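# Summary of the model geometry
Okay, here's what each chain looks like letter by letter:
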Amino acid sequence: MSAKKSAEVLIDGRVYNLSGYEEEGYLQKVASYINSKLAEFKDFDEYKHLSQDLRNVLLEINIADDYFKAKDLAEKYESDITEKDKNIYDLKHELIGNKLEIEDLQKKVASLENDKTELLKNKEKLEASLEDALLGPVDSSDGD
């Protein structure tokens, strides 16, 4: 486990010493986020007239709201990633099936080409036999 770290941060004009296992940059980022939330509220005149307790509750509610929205978004992204991973798996499986089918079809085409060649040879032999039967054997020596 990492060692605890601490950092001085400025929140709403006051210096706080935060400690945790995160880096100082992260702790400063957290403080900056809180300051930006406070700045959003300070833009509203009504906020200035509220008690400090109510201001703190509003800040906490807004931070919780941001948290739950970010969490929902992260879950949606995780769900999207899971769905896309499943789709990729299905597509890879389909691709492998298609490759096997293509290989099988290529073998069938090659077999049919061989059959065609054999049939053409047999056709030539049959045509030659038919010609011999109809015309008689052809003597290549014409008695020259």
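The model shown is predicted, which means the values in this text are computed figures rather than measured ones.

### What about the nonpolar core?
What tends to happen in soluble globular proteins is that the nonpolar side chains get buried as a cluster. In terms of nonpolar packing, the biggest core is built from 8 residues, these being Val9, Ile11, Ala31, Ile34, Leu38, Phe41, Tyr47 and Leu59. Counting only elements with at least two residues in this core, the list comes to strand 1 (5-11) and helix 1 (24-42). Considering every element that reaches this core, the biggest residue donor is helix 1, with 4 residues. If sequence neighbours within four positions are ignored, Ile11 has contacts with Tyr16, Ala31, Ile34, Asn35 and Leu38.

### Things to note about a nonpolar patch on the surface
On the surface, Leu54, Val57 and Ile61 cluster together to form a nonpolar patch covering roughly 240 Å² of accessible area. Its place among the elements puts Leu54 in helix 3 (residues 52-135).

### Quick look at the pairing of strand 1
Bridge count between strand 1 and strand 2 (residues 14-20): 7 bridges; the pairing is antiparallel. Counterpart to Ser6 in the pairing with strand 2 is Ser19.

### A few points about the confidence of the model for the protein
Per-residue pLDDT for the protein averages 92, and the proportion of residues at 70 or more is 94%. By mean pLDDT, the top-scoring element of the protein is helix 3 (96), and the lowest-scoring one is helix 2 (residues 45-48) (88).

### A word on the packing of aromatic side chains
Per the stated rule, a full pass over the model turns up 2 aromatic pairs. Considering the side-chain rings of Phe41 and Tyr47, the 5.1 Å spacing of their centres and the 20° angle between planes classify their relative orientation as stacked. Of the residues examined, Phe41 reaches a relative accessible area of 11% and is grouped as buried. Seen from their ring centres, Tyr67 and Phe68 are 5.1 Å apart, and the 70° between their planes marks the pair as edge-to-face. Classification of Tyr67 by relative accessible area gives partly exposed; the value is 48%. The exposure class assigned to Phe68 is partly exposed, which follows from its relative accessible area of 47%. Its guanidinium or amino end placed over the ring of Tyr47, Arg55 lies 5.3 Å from that ring's centre, counting from NZ or CZ.

Procedures and definitions
- Residues numbered from 1 in each chain as written.
- Predicted model: local features only at pLDDT ≥ 70, side-chain atom pairs only at ≥ 80, totals over all residues.
- Heavy atoms only, no water.
- Core = buried A, V, L, I, M, F, W, Y, C linked by side-chain atoms within 4.5 Å.
- Buried < 20%, exposed > 50% of the residue type's maximum accessible area, 1.4 Å probe, protein only.
- Helix = DSSP H or I, 4+ residues; strand = E, 2+ residues; numbered from the N terminus.
- Contact = heavy atoms within 4.5 Å.
- Patch = residues over 30% accessible without salt bridge, like charges linked within 9 Å, V, L, I, M, F, W, Y side chains within 5 Å.
- Areas by Shrake-Rupley, 256 points an atom, 1.4 Å probe, with all protein chains shown as cover.
- Salt bridge = Lys/Arg side-chain N within 4 Å of Asp/Glu carboxyl O.
- Pairing = 2+ DSSP bridges.
- pLDDT = per-residue confidence, 0-100.
- Phe/Tyr/Trp six-rings, centres within 6.5 Å; stacked < 30°, edge-to-face > 60°.
- Lys NZ or Arg CZ within 6 Å of the ring centre and 35° of its normal.

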